[in-house]
Structures are given as C-alpha cells and as structure tokens.
Amino acid sequence: MKNVPQTVLVTGGAGFIGSAVCRHLVASGKYRVVNLDKLTYAGNLTSLRDLDGNPNYVFRKADICDTDKVRKILADEAVDLVMHLAAESHVDRSIDGPMAFVTTNVVGTASLLQAVLDHWRSLGEEARKRFRFHHVSTDEVFGDLPFDSGVFTEDSPYKPSSPYSASKAASDHFVRAWHETYGLPVVLSNCSNNYGPYHFPEKLIPLVIANALDEQPLPVYGKGANIRDWLFVEDHARALEAVMTGGRIGESYNIGGRAERTNLEVVEAICALLDARRPRNGGRSHLDLITYVTDRPGHDRRYAIDPTKSEQELGWTPLETFETGLARTVDWYLANGWWWRPIREQRFDGTRQGLVAAK
Ligand code: NAD
Ligand code: TYD
C-alpha cells in the first residue's frame, strides 16, 4: 500500500477556486498536489506563489482536451485522486462565445474522463479501490428559482439557462455516465457562488471592489434584485476535500453557505465596508457609484442551496458568515493590488460592456 501523502491531480488549479484548493490541500500536509492547467485568461500562477518550491506541489501545463498528454501526466505523477475544476466559468462570456464552453466543459470533461478511466484501469487492486474522480460543479445546473420559494437539493431536476450552466450540466451527466457504464468511482459536488481572495475581477464581488477603489461605476444588472447564495472560497475548498475523501461513490453533494443576498445587498455591503476602510475624497459614499445597467439575457432570478446532506454526511459547515467572509475579501483586495491591478490593466476593464467591446 502506498504511503501518504496521496497524490491529487487538481485540474484548473490556477483558477480562483482551484488555487484555493491547491493551497488548502498542500497546507494540510496530507497530499502531494499536481496542478494541471491550460492557463487560459482565467489561470494565474501568481495566485500560487506561496507554494513555489514546495516539494508537495507541482504545476503541469496541459489542456484537458489533450487526452494523450493527460494520460501521460496521470501515469508519470502516479495520481491517486483527481479533483476536476478546469472549466470556462463566466456566464457573460458564455453568452458572447458559447463554443469555448462546449469545448472545455463538455468535450474537455469527456476527454479527461477517458484518460482517467485508462489510468484507473491500470492501477493495482488496492489503488483502484481508493481512487476517486471528483467532479466540481455548480448550482446553476438546476436553473432558475422563484424569488420567494424553493431550494436546490441533490434531487432537483436539471434545468440550465445559460450556455455556461448547460455545459456544466452536460459535464455532470458525462461523469455519471462514466460511473454507470464503466464503473469509474466518481463523486460530484454542486456549489453556490463563491467569493474571496484571487477572484478574477470580472465576477460581481471583485469587480465591484476594484471599480469602487478606482472611482468607476458599479454595474448592477437590472434592478439588482437577483439572489445568489454566497460561500467563502476557503469554506468551499474544505468542503471539496470532505467530498473527495468522504463522499459516497456515485453520489452528489450540494454545497452552499445559507447566505442568500440580492445583488444590490451585496454591492451595498461592499460599499459600506469600503466607506469605513477607504473613505472617498470629499466624503461621499461609494454607494453613489452604483449604476443600473442592461440586464443579462436569461438571467436566473434566484439560486438557493440546501446543504443538509453535506452537513450531515460529511460533517462540513462553513467557518465564515457572509459578513466575516466579505470583510476578509475586501481587506484582501485592499492589500493585494499587486495581484488584481495587472489583470485589469493588461486585459480588459472587467465589465460585460468591456467584454463585448474587447471582441
Ligand atoms: P476560473 O475561471 O477562475 O478557473 C478555471 C481554471 O481552469 C483556470 O485556471 C483555467 O486556466 C483552467 N482551464 C480552463 N480551460 C481549461 C482547459 N481546457 N484545460 C485545462 N485547464 C483549463 O473558475 P473557478 O471560478 O475557479 O471555478 C472552478 C470550477 O468550479 C469550475 O468548474 C466551475 O464551474 C465550478 N464552480 C464555480 C463556482 C464559482 O462561484 N466560481 C461555483 C460553483 C462551481
Ligand atoms: P457573477 O459573479 O457573474 O456570477 P454568476 O453569474 O455565476 O452568478 O454574477 C453574480 C450576480 O451578479 C449575477 O446575478 C449577475 C450579477 N452581476 C451584476 O449585477 N453586475 C455585474 O457586473 C456582474 C459581473 C454580475
């Protein structure tokens, strides 16, 4: 039997959640982490500079669509567990260019499953029993909830609205199919909206923080009434380790923070934190920067996760409330302009309007 640390291949480890997962798993001392990432616009190795030189961390540049290369990495690195996060992840980009989402999220996941299946079949009996393929997915696969009722459970029907959520839904189905058809030992998790350090500044929370600090408009889609259920990224990373190691094979687990907020409430909370920590010249509130802009097409009204199964079966609960997590996040962006300023300066201004203009 192989001694600890077990080797975990994390796909998409240079992204927002993936980098938090790499940092969490390495810090636990229980794993050797192989980060496999294509380094798209969303991948950033500076998010992992704390792990530079760590003997339990290695980066391998690869595209999950490249089955041969992934198969070789799985063998060369003697991978025991796979956690799959690599994806195109931004809904607004999926509206303007859906095919990249089909390629990576659907074809890429199926290509990765093929490589992983070959690897799993090549393992000895004990290693094959311990092996897991953990697919990391989103609550957006369940689609739109009314404002005032309903929550997503693991049994909720799939009803995706955007090209992003449709591509993630398809990937979930492929993962289950590789389990049912080929016996690959899989677990799945579907999580609500994450926020926290190293979040690419095109998503609502980092975009609003960065724009507020730069005295730019804070774009709120529609009336800001849409509701999301927010979870601090480090709590998600802890949950993912729990699912990977303790989840039952073939099962999925919903993960969420029991922290539903309207988008306007989120933006107002960020403004209040910034007013206290970095008051504007002239004494006006950051609230004055809020600008209502054209709504996103097909914008789901509300997402809400029931995390009871994860709490009861895995013993997982978040450590941060929305208030403590948001304060940590704002403080991180205030202290770490070295990370997010170059992204904004070199790429685009982060808004949906900017994305369209950059095309
Ligand atoms: P992200 O966009 O920040 O990171 C994605 C990473 O995947 C990047 O490092 C990118 O370079 C890499 N990647 C993209 N295409 C690739 C390919 N073809 N081959 C190899 N690597 C590739 O995304 P994120 O927000 O960290 O999300 C990670 C995962 O978690 C995704 O699968 C997403 O669907 C899921 N998820 C995200 C949230 C959220 O709120 N952000 C919530 C629930 C689930
Ligand atoms: P986002 O961070 O893009 O995550 P997702 O679409 O995966 O939920 O958006 C979160 C919410 O914020 C969503 O309801 C859309 C809204 N939003 C805005 O109001 N303005 C913005 O500039 C962005 C990027 C999002």
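Nothing here was measured: the structure is a model prediction, and the numbers come from that model.

## Digging into the pairing of strand E4 (residues 81–84)
Residues Leu81 and Met83 of E4 are buried on one face, and the alternating residues Val82 and His84, pointing to the opposite face, are buried as well. Examined bridge by bridge, strand E1 (residues 6–11) and E4 share 4 bridges and lie parallel to one another. Across the sheet, residue Val8 finds its bridge partner in E4, namely Leu81. Alignment of E4 against strand E5 (residues 132–138), held across 4 bridges, turns out to be parallel. Within the sheet, the bridge partner assigned to Val82 lies in E5 and is Phe133.

## A short note on the side chain of Asn254
Residue position: Asn254 is located in strand E10 (residues 252–255). Relative accessible area serves as the criterion here: at 0%, Asn254 is assigned to the buried category. Of the polar contacts made by the side chain of Asn254, one reaches the backbone oxygen of Phe152; its length is 3.1 Å. Discounting residues that sit within four places of it in the chain, Asn254 has contacts with Phe142, Phe152, Thr153, Glu154, Asn190, Ile305, Asp306, Pro307 and Ser310.

## Looking at the site of ligand 1
Among the 28 residues in the neighbourhood of ligand 1, the closest are listed as Ile17, Asp37, Ser89, Tyr164 and Lys168. Between ligand 1 and Asp37, the relevant distance is 2.6 Å, taken from an oxygen atom to a side-chain nitrogen or oxygen of the residue. Asp63 has a polar side-chain atom sitting 2.9 Å from a nitrogen atom of ligand 1. Its free accessible area being 840 Å², ligand 1 has 97% of it covered by the protein chains. Counting only elements with at least two residues in the shell around ligand 1, the list comes to helix H1 (16–28), E5, helix H6 (163–182) and strand E7 (193–195). Among the elements that line the shell around ligand 1, the one with the most residues is E5, at 3 residues. Taken together, the residues of the shell around ligand 1 sort by class into 13 nonpolar, 11 polar and 4 charged.

## Focus on the packing of helix H9 (residues 263–277) against helix H11 (residues 322–335)
The geometry of a pair of packed helices is captured by two quantities: the angle between their axes and the separation between those axes. At a closest axis distance of 10 Å, the pairing of H9 and H11 adopts a crossing angle of 55°. Between H9 and H11, the angle is such that the two are oblique. As for how H9 packs across H11, the hand of that crossing is right-handed. For the pair H9 and H11, contact is made by Val266, Ala269, Ile270, Leu273, Leu274 and Arg277 and by Phe322, Leu326, Ala327, Val330, Asp331 and Leu334, respectively. For the contact of H9 with H11, the per-class residue count stands at 10 nonpolar, no polar and 2 charged.

## Observations regarding the site of ligand 2
Taken together, 17 residues are adjacent to ligand 2, and Glu140, Pro219, Tyr221, Arg296 and His299 come closest. At 2.5 Å, a side-chain N or O of Glu140 approaches an oxygen atom of ligand 2. Measuring from an oxygen atom of ligand 2, one finds a backbone N or O atom of Tyr221 at 2.9 Å. In isolation ligand 2 exposes 510 Å². Once the protein is present, 96% of that is buried. Residue assignment for the shell around ligand 2 shows that the elements contributing at least two residues are helix H3 (91–96), helix H7 (204–213) and strand E8 (218–221). The element contributing the most residues to the shell around ligand 2 is E8, with 3 residues.

## Here we look at H7
Counting buried positions along H7 gives 8 out of 10 residues, so the element sits mostly inside the fold. Turning to H7, its buried residues are Ile205, Pro206, Leu207, Val208, Ile209, Ala210, Asn211 and Ala212. For H7, the elements touching its buried residues are E7, E8, strand E9 (227–232), H9, H11 and helix H12 (337–346). The positive-phi residue at the C-terminal boundary of H7 is Glu215, with phi of around 60°.

## Some remarks on a nonpolar patch on the surface
On the surface, a nonpolar cluster with roughly 260 Å² of combined accessible area is contributed by Met99, Val102 and Val107. Position of Met99 relative to the elements: it lies in helix H4 (residues 99–122). What makes Met99 exposed here is its relative accessible area of 56%.

## As for the UniProt feature "domain: NAD(P)-binding" (unreviewed entry) in the chain
According to UniProt, the feature "domain: NAD(P)-binding" (unreviewed entry) maps to residues 9–328 in the numbering used here. Regarding residues 9–328, the helix share stands at 41% and the strand share at 18%, and the terminal C-alpha atoms are separated by 29 Å.

## A look at the sheet that holds strand E6 (residues 186–191)
An order of E3-E2-E1-E4-E5-E6-E10 is seen for the 7 strands of this open sheet, with the pairing classed as parallel. Both edges of this open sheet fall to strand E3 (57–61) and E10, since each of them pairs with a single strand only. Within the sheet, the average angular offset between the axes of one strand and its neighbour, ignoring direction, is 20°. One ladder, built from 4 bridges, connects E6 with E10; its direction is parallel. Residue pairing across strands places Leu188 opposite Ser252, the latter belonging to E10.

Quick notes on the rules
Residues numbered from 1 in each chain as written. Chains lettered and ligands numbered in written order. Predicted model: local features only at pLDDT ≥ 70, side-chain atom pairs only at ≥ 80, totals over all residues. Heavy atoms only, no water. Buried < 20%, exposed > 50% of the residue type's maximum accessible area, 1.4 Å probe, protein only. Helix = DSSP H or I, 4+ residues; strand = E, 2+ residues; numbered from the N terminus. Pairing = 2+ DSSP bridges. Polar contact = N/O pair within 3.5 Å; in protein donor to acceptor, adjacent residues only side chain to side chain. Contact = heavy atoms within 4.5 Å. Near = heavy atom within 4 Å. Areas by Shrake-Rupley, 256 points an atom, 1.4 Å probe, with all protein chains shown as cover. Nonpolar A, V, L, I, M, F, W, Y, C, P; charged D, E, K, R; others polar. Axes fitted to C-alpha atoms, helices over the stretch in contact; angles between N-to-C directions. Parallel < 35°, antiparallel > 145°, perpendicular 65-115°, else oblique. Left-handed = near helix turned anticlockwise from the far one by under 90°. Patch = residues over 30% accessible without salt bridge, like charges linked within 9 Å, V, L, I, M, F, W, Y side chains within 5 Å. Salt bridge = Lys/Arg side-chain N within 4 Å of Asp/Glu carboxyl O. UniProt positions renumbered as here; feature names shortened; annotations may be inferred.

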